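Geometric and topological summary
What follows is the residue order along each chain.
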Amino acid sequence: MFAALRQPLARASAAKPLARAFSAYTPAQNAVAPASPKLEYLLTETRGRVALVTLHRPKALNALCNGLFVELNQVLKEFDNNKDIGSIVITGSERAFAAGADIKEMKDRQFIENYSENFLGHWTQITTIRKPIIAAVNGFALGGGCELAMMCDIIYAGDKAVFGQPEIKLGTIPGAGGTQRLVKAVGKSKAMEMCLTGSVNLTAQEAEAAGLVSKVYPAEQVLDEAIKTASKIANLSVPIVQMVKDAINQSFEMPLQAGLTFERRLFHATFGTNDQKEGMSAFAEKRKPNFTNN
Ligand SMILES: CCC/C=C/C(=O)SCCNC(=O)CCNC(=O)[C@H](O)C(C)(C)COP(=O)([O-])OP(=O)([O-])OC[C@H]1O[C@@H](n2cnc3c(N)ncnc32)[C@H](O)[C@@H]1OP(=O)([O-])[O-]
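Notes on the structure follow. (Residues numbered from 1 in each chain as written. Predicted model: local features only at pLDDT ≥ 70, side-chain atom pairs only at ≥ 80, totals over all residues. Heavy atoms only, no water.)

Thoughts on the overall build of the protein
Selection rule: Put simply, DSSP marks the helices as runs of H or I at least four residues long and the strands as runs of E at least two long, and each gets a number from the N terminus on. Relative accessibility under 20% of the residue-type maximum defines a buried residue, over 50% an exposed one, and the middle range a partly exposed one, all with a 1.4 Å probe and only protein chains included. Residue contacts follow a heavy-atom distance rule, with two residues in contact if any of their heavy atoms lie within 4.5 Å. Only the protein chains shown count as cover for residues, and the accessible areas themselves come from Shrake-Rupley with a 1.4 Å probe.
Check the secondary structure of the protein and you find twelve helices and ten strands. Classification of the 294 residues of the protein by burial places 44% in the buried group. Once local pairs closer than 6 in sequence are excluded, the contacts in the protein between residues at least 24 apart make up 67%. Carbon together with sulfur atoms contributes 57% to the accessible area of the protein, which is approximately 15,200 Å² in total.

And the structure:
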């Protein structure tokens, strides 16, 4: 099925001029490393104010080995600190966003080393990134791959994407949000069905209907659409965008009244920024705002 999917896409990419070829299917053509030295498992590039990070471990369907996650944390931090970047897109290949944590790498680990080293604790660093992250998902988003997508702020899916939590079939359980974020995204019954069976997956369309995914596009368009949305966000005021992200994320942590108070205080705080003055003046003067991120 995926071989069939891959071939027409490969042909379509080959026909595109280079300038358009930053889609998921030809990431290497425009890939440039950021400040980081050599990356083994990722490709990175920038498009205007958007940073694109492509998981690139094709022989293992982007299985999330330790080295991949170390690199991912490193480049995300760099892009988060880079004033020329306003938002980030993470994608994989047309066959797999990521087929999960690396089973072969972890199969012989013991409880005591997992516990004492806080195995996979560093996966959550992505949730400390202040700039918005969009996951552009094609193909398999399974186990840790689904959990990685859920740690992003927005998920766009290609129409052949598959979301699932198959850990139970390996004799373990989701360890990076599959029993927590998934419940909040799709509700208890669906999350239970997915995690308890390990074999009931969501298609892209089902994931959209359930609220896990915000939009579904034809597979070959999803990355371009994610970059378009990321670009819109990246050209707004960086601190105000961060406040929105903070406030929405707090809705997962706080009771309603505390969350509403938090939101109101941040709303008040926006009036201490030049960007609020600029945004509202621009509206009144019927012109486009020129945000200066302060
Ligand atoms: C955060 C903590 C909790 C998270 C836990 C998890 O995520 S647990 C994980 C939850 N995820 C799962 O349980 C899904 C496991 N994966 C699958 O079930 C299937 O690969 C498939 C259905 C995704 C695709 O089937 P297909 O017939 O189209 O392709 P194929 O099978 O031939 O694979 C191609 C190559 O990729 C390799 N590889 C793939 N995934 C992994 C991996 N996770 N690891 C390592 N390697 C992996 C595969 O071995 C093969 O390499 P080989 O042998 O050529 O050297």
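A word on helix H5 (residues 144–151)
Most of H5 sits inside the fold, with eight of its eight residues counted as buried. Among all positions of H5, only Gly144, Gly145, Cys146, Glu147, Leu148, Ala149, Met150 and Met151 are buried.

Notes on the site of the ligand
Condition: Nearness is judged by heavy atoms alone; a residue qualifies as near a molecule or strand once a single heavy atom is within 4 Å of it. Distance and chemistry together define a polar contact, namely a pair of N or O atoms within 3.5 Å, with one atom able to donate a hydrogen and the other to accept it when in protein, and with adjacent residues in sequence counting only for side-chain atoms on both sides.
Around the ligand sit 24 residues in total, of which Arg95, Ala99, Ala101, Lys104 and Gly144 are the nearest. Within the backbone of Lys59, a nitrogen or oxygen atom sits 3.4 Å from an oxygen atom of the ligand. At a separation of 2.7 Å, an oxygen atom of the ligand approaches a polar backbone atom of Ala101. For the ligand, whose accessible area on its own is 1,000 Å², the fraction buried by protein is 65%. Mapped onto the shell around the ligand, the elements with two or more residues apiece are helix H3 (103–106), strand E6 (140–142) and H5.

Observations concerning the packing of helix H10 (residues 238–250) against helix H11 (residues 256–270)
For clarity, the cut-off: Axis definition: a line fit to C-alpha positions, over the contact stretch in the case of helices; interaxial angles, taken between N-to-C directions, run 0 to 180 degrees. In what follows, roughly perpendicular refers to angles from 65 to 115 degrees, roughly parallel to angles under 35, roughly antiparallel to angles over 145, and oblique to any angle outside these ranges. Charged residues are taken to be Asp, Glu, Lys and Arg, nonpolar residues to be Ala, Val, Leu, Ile, Met, Phe, Trp, Tyr, Cys and Pro, and polar residues to be all remaining types, Gly included.
Interaxial distance between H10 and H11 falls to 10 Å at its minimum, and their mutual angle equals 175 degrees. The angle between H10 and H11 places the two elements in the roughly antiparallel class. Across the interface between the two elements, Ile240, Met243, Asp246, Ala247 and Gln250 from H10 touch Phe262, Leu266 and Thr270 from H11. Grouping the amino acids of the contact of H10 with H11 by side-chain chemistry returns five nonpolar, two polar and one charged.

Re the sheet that holds strand E8 (residues 162–164)
Going by this rule: Any two strands are treated as partners once DSSP identifies two or more bridges connecting them.
Across the sheet, which stays open at both edges, the four strands sit in the order E4-E6-E8-E9 with mixed pairing between neighbours. Both outer strands of the open sheet, strand E4 (96–98) and strand E9 (202–203), are each paired with one neighbouring strand and no more. As paired elements, E6 and E8 share three bridges and run parallel to each other. Each residue of the ladder has a partner; that of Phe140, found in E8, is Val162.

Thoughts on the environment of Arg287
Locating Arg287 in the fold gives a position in the segment after helix H12 (274–284). In this view, Arg287 contacts Glu278, Ser281 and Ala282; residues no more than four positions away in its chain are not counted. A distance of 2.7 Å separates the side chain of Arg287 from the side chain of Glu285, its partner in a polar contact.

Some remarks on helix H9 (residues 222–234)
So the rule is basically this: Expected helix span is computed as 1.5 Å times (number of residues minus one).
In this model H9 runs 18 Å from its N-terminal to its C-terminal C-alpha over 13 residues, within 8% of the 18 Å that 1.5 Å per residue would give. For H9, a buried count of ten out of 13 residues is recorded, marking the element as mostly surrounded by other parts of the structure. All of the buried residues in H9 are Val222, Leu223, Asp224, Glu225, Ala226, Ile227, Thr229, Ala230, Ile233 and Ala234. Looking at the buried residues of H9, the elements they touch are strand E2 (50–55), strand E3 (87–91), strand E5 (133–137), strand E7 (154–158), strand E10 (215–217) and H10.

A short note on the sheet that holds E3
Read from one edge to the other, the open sheet built from six strands follows the order E1-E2-E3-E5-E7-E10, with strand pairing classed as mixed. Only two strands of the sheet have a single neighbouring strand rather than two, namely strand E1 (42–47) and E10. Averaged over all adjacent pairs, the angle separating strand axes in this sheet is 20 degrees, with direction ignored. Pairing of E7 with E10, which is carried by three bridges, proceeds in the parallel orientation. Of the residues in E10, the one forming a bridge with Gly158 is Tyr217. Across the face of the sheet, H9 comes into contact with E2, E3, E5, E7 and E10 while running at roughly 165 degrees to E3.

Comments concerning the nonpolar core
For clarity, the cut-off: Only buried residues count toward a nonpolar core, which is a set of Ala, Val, Leu, Ile, Met, Phe, Trp, Tyr and Cys residues joined through side-chain atoms within 4.5 Å.
Formed by 49 residues in total, the largest nonpolar core has its most connected members in Ile88, Ile90, Phe163 and Leu212. No other element matches the six residues that helix H2 (residues 66–81) contributes to this core. In this view, Leu212 contacts Met150, Ile155, Phe163, Leu182, Ala185, Val186, Leu202 and Ala207; residues no more than four positions away in its chain are not counted. Val89, Ala136, Tyr217 and Leu223 belong to the second largest nonpolar core, which has 15 residues in total.

Side note on the packing of aromatic side chains
Stated precisely, the cut-off is as follows: In this scheme Phe, Tyr and Trp rings, the latter by its six-membered ring, pair at centre separations within 6.5 Å, and the angle between planes marks the pair as stacked below 30 degrees, edge-to-face above 60, and tilted otherwise. A positively charged side chain is recorded as over a ring if its NZ (Lys) or CZ (Arg) lies within 6 Å of the ring centre. The angle to the ring normal must also be within 35 degrees.
Following the criterion strictly, the structure yields four aromatic pairs and no others. When the centroid spacing of 5.3 Å and the interplanar angle of 75 degrees are considered together, the rings of Phe267 and Phe271 count as edge-to-face. Across from the ring centre of Phe119, 3.9 Å away, lies the NZ or CZ of Arg109, which sits over that ring.

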